[in-house]
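Coordinate inspection notes
Residues per chain, in single letters:
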Amino acid sequence: MKIIHISDIHLTVPGEEMGGLDPHVRFARALAHAAENHADAARVIITGDLAHWGERTAYEALRKALADLPIPVRLLIGNHDDRSCFLSVFPDHPVDANGFVNHAETIGKARFIYLDSVGERTHAGHFCAARRAWLATELAACDRARIFLHHNPMPVGLPAEDRIALVAKDRGPFRDLITEHAARIDYIHFGHVHAPIHGRLAGVPFASVPSTGNQSIPDLNEPDLLKGAPMDPAYAVVLIDGRDTTIHQIPFAWDGPVLTAGTGWEDWAKPVEAAE
Ligand SMILES: [Fe+2]
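Here is a short report on the structure shown in this document. Along each chain, numbering runs from 1 in the same order as the chain's sequence is written. Local features in a predicted model are, by the rule used here, given only for residues with pLDDT of at least 70; side-chain atom pairs are given and counted only at 80 or more, and totals for whole chains, interfaces and linings are based on all residues. Only heavy atoms go into the side-chain values, all of them from the structure, while hydrogens and water stay out.

**What about the packing of aromatic side chains?**
Within 6.5 Å between ring centres, the rings of Phe, Tyr and Trp (the latter by its six-membered ring) count as paired, and their orientation is classed by plane angle as stacked under 30 degrees, edge-to-face over 60, tilted in between. Inspection of every chain in the model, using the stated rule, returns seven aromatic pairs. Arranged with centres 5.8 Å apart and planes meeting at 70°, the rings of Y59 and F86 form a pair that is edge-to-face. Here the residue Y59 occupies a position in helix α2 (residues 56-66), and F86 occupies one in helix α3 (residues 83-89), the gap between them amounting to 27 residues. Accessibility classification places Y59 together with F86 in one group, the buried group. An angle of 20° between the planes, with centres 5.8 Å apart, marks the rings of Y235 and F252 as stacked. Where helices and strands are cited, they refer to DSSP runs of H or I of at least four residues and of E of at least two residues respectively, numbered from the N terminus. With a 1.4 Å probe rolled over the protein chains alone, any residue whose accessible area is under 20% of its type maximum counts as buried; one over 50% counts as exposed, and the rest are partly exposed.

Structure representation (structure tokens):
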């Protein structure tokens, strides 16, 4: 099974830039690249920061951009999103009994769990008692799970970034739940950090993806300021085979030269012209 993981598209009011680039153009390129190269994907999953400042016209542009995509899409919200505005533009989008944008589905033999980690008017993530109960119920009811959310649910060694990870008081309960169900959770996927970060939490592997807009530059010493740059964007292709996972980072906007090389036995030789 193939999954496309896109994150932090930060769509603006059309015409407004975000960090010196047009996020609509970037997102359109990502979708076109995915449609051309990965039409066999089971899902495109976008893990939040759909809009840059939660504006209605940004969500309307998102709905329009997704209209003709030949791959089913699943949406999560992030700290730059406005839950009520998002739901007003996507009125049929599933929510849980408490109104959070929590939803889940079974694909193949795994439960895909899409967790809403947004707090009102804060960049930090939240995982309140109601959401804990929802996730606990989902995990207890399945044999295998794959969790998607916007925020990194743990500190990642970046002091400034960690200030807006899942808030400290909610990290323990999240970790406890992961620990309890670790044997059935195949992977945790998130966005928010605008960079590829990989590791394990309570024994469960996790991965984030770059943004389709600007990227963050990891600074393991800077205490307050997030650092970013207009480095190449990417999305991830996640290949799932049973409980095995392989993740490729796709630089969909690369316009530079592409070099090719053979892989046959006869190709193992320094080219004659290079040797001269
Ligand atoms: Fe973001």
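**A word on the nonpolar core**
Within this scheme, the nonpolar core is defined by two criteria: the residues are buried Ala, Val, Leu, Ile, Met, Phe, Trp, Tyr or Cys, and they are joined through side-chain atoms within 4.5 Å. I6, F27, I46, L50, L62, L75 and Y235 are the most contacted members of the largest nonpolar core, which totals 33 residues. Setting aside residues no more than four positions away along its own chain, I46 makes contact with I6, I9, F27, L66, V73, R74, L75 and L76. I113, C142, I147 and I197 belong to the second-largest nonpolar core, a separate cluster that totals 25 residues. Throughout, a residue-residue contact means that at least one pair of heavy atoms, one from each residue, lies within 4.5 Å.

**Remarks on the side chain of H103**
Relative to the elements of secondary structure, H103 occurs in strand β4 (residues 103-107). With relative accessibility at 7%, the residue H103 sits in the buried group. A distance of 3.1 Å separates a polar side-chain atom of H103 from the backbone oxygen of L75. In protein, a polar contact requires one atom able to donate a hydrogen and another able to accept it; more generally it is a pair of N or O atoms within 3.5 Å, and residues adjacent in sequence count only if both atoms are side-chain atoms.

**Let's talk about the sheet that holds strand β5 (residues 110-115)**
Paired strands, in this sense, are two strands between which DSSP finds at least two bridges. Taken together, the six strands give an open sheet; going across it, the order is β4-β5-β6-β7-β9-β8, and neighbouring strands pair in mixed fashion. Lying at the two open borders of the sheet, with one neighbouring strand each, are β4 and β8 (198-201). On average, adjacent strands in this sheet sit at an angle of 20° to one another, irrespective of strand direction. Relative to strand β9 (residues 204-208), β8 is paired through four bridges, and the arrangement is antiparallel. The residue bridging G199 from the neighbouring strand is F206, located in β9. Against the sheet, helix α4 (residues 129-140) touches β4, β5, β6 (145-149) and β7 (185-190), its axis set at about 175° to β5. Simply put, an axis is a line fit to the C-alpha atoms, just over the touching stretch for a helix, and the angle between two N-to-C directions goes from 0 to 180 degrees.

**Focus on the pairing of strand β3 (residues 73-76)**
Relative to β3, strand β2 (residues 43-47) is paired through four bridges, and the arrangement is parallel. In the strand pairing of β3, I45 is matched with R74. The handedness rule is simple: strands pointing away from the viewer, and a clockwise path from the first strand over the helix to the second, make the crossover right-handed. Following the chain from β2 across α2 to the adjacent parallel β3, one finds a crossover that is right-handed.

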